[in-house]
Amino acid sequence: MISLTQSVACHARVTVVFRYDDYAARYPGEGAEQYARRVATDEALIDTFRRHRIVVTVAVQPYASSYVDKGAETEYNSLDDDPRRILMLGEGLDDGTIEVALHG
């Protein structure tokens, strides 16, 4: 009897996909310190993938909101207004580290 591990190791190629969720602009009401920590985490994560030459799929939220269920009253921030995060995405796209997916 051959175990699944042996079968995979001997006969098949396994593909692993890394998806990083909720890449977004500053959320309405998010404090500066919390936002800075989130951006630093994003930079470190993307840099780790870059150093190891591994592609990561980044699920981008074009508009960030803290209040998903408030309808017309909801305040949104656009990723277009966040040059630091746009630059991170652009660099990752240019060097092949990042593959962009629409969050949703």
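Described below are features of the structure shown in this document. (Residues numbered from 1 in each chain as written. Predicted model: local features only at pLDDT ≥ 70, side-chain atom pairs only at ≥ 80, totals over all residues. Heavy atoms only, no water.)

## Description of the overall build of the chain
In terms of regular secondary structure, the chain is built from three helices and five strands. Taking all 104 residues of the chain together, 30% fall into the buried category. In the chain, 69% of the contacts between residues at least 6 apart in sequence involve partners at least 24 apart. Carbon together with sulfur atoms contributes 55% to the accessible area of the chain, which is approximately 7,400 Å² in total. (Helix = DSSP H or I, 4+ residues; strand = E, 2+ residues; numbered from the N terminus. Buried < 20%, exposed > 50% of the residue type's maximum accessible area, 1.4 Å probe, protein only. Contact = heavy atoms within 4.5 Å. Areas by Shrake-Rupley, 256 points an atom, 1.4 Å probe, with all protein chains shown as cover.)

## Focus on the environment of Ala59
If you trace the backbone, Ala59 turns up in strand β2 (residues 56–61). Here Ala59 falls in the buried class, since its relative accessible area comes to 0%. Remark: the alpha-carbon pair of Ala59 and Val100, spanning 41 residues in sequence, is separated by 6.2 Å. Not counting the four nearest positions on each side in its chain, Ala59 is found in contact with Arg19, Tyr20, Asp21, Asp22, Tyr23, Ala101 and His103.

## Remarks on the packing of helix α2 (residues 32–51) against helix α3 (residues 83–95)
One way to put it is that α2 packs onto α3 with a least axis distance of 11 Å and a crossing angle of 5 degrees. As summarised for this structure, α2 and α3 are arranged roughly parallel, according to the angle between their axes. When α2 is examined against α3, the residues Tyr35, Arg38, Val39, Asp42, Glu43, Ile46 and Arg50 are found in contact with a partner set consisting of Arg84, Arg85, Met88, Glu91, Gly92 and Asp95. Residue classes in the contact of α2 with α3 are distributed as four nonpolar, one polar and eight charged. (Axes fitted to C-alpha atoms, helices over the stretch in contact; angles between N-to-C directions. Parallel < 35°, antiparallel > 145°, perpendicular 65-115°, else oblique. Nonpolar A, V, L, I, M, F, W, Y, C, P; charged D, E, K, R; others polar.)

## Some thoughts on the sheet that holds strand β5 (residues 98–102)
The three strands are arranged β1-β2-β5 in an open sheet whose pairing can be described as parallel. Lying at the two open borders of the sheet, with one neighbouring strand each, are β1 (19–24) and β5. Recorded for the sheet is a direction-independent mean angle of 35 degrees between the axes of neighbouring strands. The sheet contact formed by β2 and β5 spans five bridges and is parallel. Bridged to Val60 within β5 is Leu102. Its contacts with the sheet place α2 against β1, β2 and β5, and it is angled at close to 145 degrees to β1. Against the sheet, α3 engages β1, β2 and β5, with an angle of about 125 degrees to β5. (Pairing = 2+ DSSP bridges.)

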